[in-house]
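Examination of the molecular architecture
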Amino acid sequence: MRFLLDTEQRAFADSLHAMLTAADTPAAIRDWSRGDHASGRALWRRVAGAGVFGLVVPEEYGGLGPRPVDLAVAFVELGRHAVPGPLAETVAAAVLLGEDRPAKRFLPGLAAGETIATVAAPTGYALDGDAATLHLTPGAEGLHLSPGAGPVRRSLDPARRLTPLAPGGELLTPGPSTAHALTWARLAIAAQALGVGLALLDRTVEHVRQRTQFGVPIGSFQAVKHRLADAKIALEFARPLLFGAAVSLRPADVAAAKLRTCEAAYATARTALQLHGAIGYTAEFDLSLWLTRARALRTAWGTPAECRDTVLEGAG
């Protein structure tokens, strides 16, 4: 089976890539890491204006979807540019709010980019609760509208700011199933991871063409070529898993896609770091923004072990 994007999907990806390239996302990422959300919110509105969040919101609530394949296309580009903010969490929130009353109340704002949503994970922390305007806490009793977020706790990726959500709050829906929201969130993470890996590979290829040793570019060394080829193969083998999972939306397929894309991105990050040398460790060098993102996405919305368990359960 071949998973090739059609003309409209390729044009959509190209337009997002051009828009985000012009947006200077590294500056927005660094602002977001410091708790200055102005540039990140402006970028969020531009992403929403391109229709990205509408791809998970039904048409009757101001969206375009649900369209999981197109969402995966978009999130690859968001990952390629390391766009900050609770992206997968907003996708999960849109799915959790799928019931009539909450949907009418919140989904139009999510689709338009007026609302930034975050969702408490099983760990008890939510991503970017200080920036989000909608805080959701799924639990045994149902989905609660949390009254706010606690103090920020820094994570491995400085642009992924973890916050506890205040307990209690309005009960929006009783006893919602979170399984479908988890599947959509994992799909979004998988697509982001693929984009992060592709960006790391592109930046590393450019670097090895310019850096010289013994009077020649290090990219001409056979060992360097092998490392880059391994990274390229891993990413390209993960790509059809991602889009196949977007077609089926089976939890096991999505878990497999997340596992492969995140592992491929993480392996590419290790290669990028090795081939850049000491400069790759410095926070001032833009590569670090993608290195830390690759590591953080690897465990977001499901560790590798949890994804493997989901795959095995689906095969049983």
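For the structure itself, look to the data block above.
Below is a summary of the structure that appears in this document. Note that this is a predicted model, so its numbers are computed, not measured. (Residues numbered from 1 in each chain as written. Predicted model: local features only at pLDDT ≥ 70, side-chain atom pairs only at ≥ 80, totals over all residues. Heavy atoms only, no water.)

Points about the packing of helix α9 (residues 251-276) against helix α10 (residues 287-297)
Working note: a packed helix pair is described by the angle between its axes plus the distance between those axes. How we decide: Note on geometry: axes are lines fitted to C-alpha atoms, helical ones only across the stretch in contact, with angles between N-to-C directions running from 0 to 180 degrees. Only DSSP runs of H or I reaching four residues or more are called helices, and only runs of E reaching two or more are called strands; each is numbered from the N terminus. We call a crossing left-handed when the near helix sits turned anticlockwise from the far one by less than a right angle, and right-handed when that turn is clockwise. Residues count as neighbours in contact if any of their non-hydrogen atoms are within 4.5 Å of one another.
Here α9 crosses α10 at 145 degrees, and the two axes come no closer than 9 Å. Between α9 and α10 lies a crossing of left-handed hand. Where α9 approaches α10, its residues Lys 258, Cys 262, Ala 265, Tyr 266, Ala 269, Ala 272, Leu 273 and His 276 are matched on the opposing element by Leu 287, Leu 291, Ala 294, Arg 295 and Leu 297.

Comments concerning the packing of aromatic side chains
So the rule is basically this: When the centres of two rings from Phe, Tyr and Trp lie within 6.5 Å, Trp using its six-membered ring, the rings pair. Their planes under 30 degrees apart give stacked, over 60 give edge-to-face, and anything left gives tilted. Whether a charge sits over a ring depends on NZ of Lys or CZ of Arg being within 6 Å of the ring centre and within 35 degrees of the ring normal.
Within this structure, the stated rule accounts for one aromatic pair. The positively charged end of Arg 295 is found above the aromatic ring belonging to Tyr 266, 5.7 Å away from the centroid.

Focus: the pattern of salt bridges
Which entries qualify depends on this criterion: By salt bridge we mean one thing: a side-chain nitrogen of Lys or Arg within 4 Å of a carboxyl oxygen of Asp or Glu. Each residue is placed in one exposure class: buried if its accessible area under a 1.4 Å probe, protein chains only, is under 20% of its type's maximum, exposed if it is over 50%, and partly exposed if it falls in between.
According to the stated counting rule, one finds twelve salt bridges in the structure shown. Asp 130 serves as the salt-bridge partner of Arg 161, at 3.0 Å between the closest nitrogen and oxygen. Taken together, the residues span a long stretch of sequence, with Arg 161 in the loop between β4 (142-145) and β5 (162-164) and Asp 130 in the loop between β2 (125-127) and β3 (134-138) at a distance of 31 residues. For Asp 130, a relative accessible area of 28% gives the class partly exposed.

A short note on the environment of Ile 116
As for its position among the elements, Ile 116 is in the loop between α6 (100-112) and β1 (117-119). Judged by relative accessible area, which is 4%, Ile 116 ranks as buried. Distance from Ile 116 to Leu 134, taken between C-alpha atoms, is 6.1 Å for residues 18 residues apart in sequence.

Quick look at the nonpolar core
The test is simple: Note on terminology: a nonpolar core comprises buried Ala, Val, Leu, Ile, Met, Phe, Trp, Tyr and Cys residues joined through side-chain atoms within 4.5 Å.
Val 52, Phe 75, Leu 97, Leu 136, Leu 200 and Leu 242 are the most contacted members of the largest nonpolar core, which has 91 residues in total. Sorting elements by how many residues they give to this core places helix α7 (residues 179-210) first, with 16 residues.

Let's talk about the sheet that holds β3
Test applied: We treat two strands as partners when DSSP finds at least two bridges between them.
Strand order in this open sheet of four strands is β1-β3-β4-β6, and the pairing throughout is mixed. Looking at strand neighbours, the two that pair on one side only are β1 and β6 (170-174), the edges of this open sheet. For this sheet, the mean inter-axis angle between neighbouring strands, taken without regard to orientation, is 25 degrees. When β3 meets β4, the two strands line up antiparallel, connected through three bridges.

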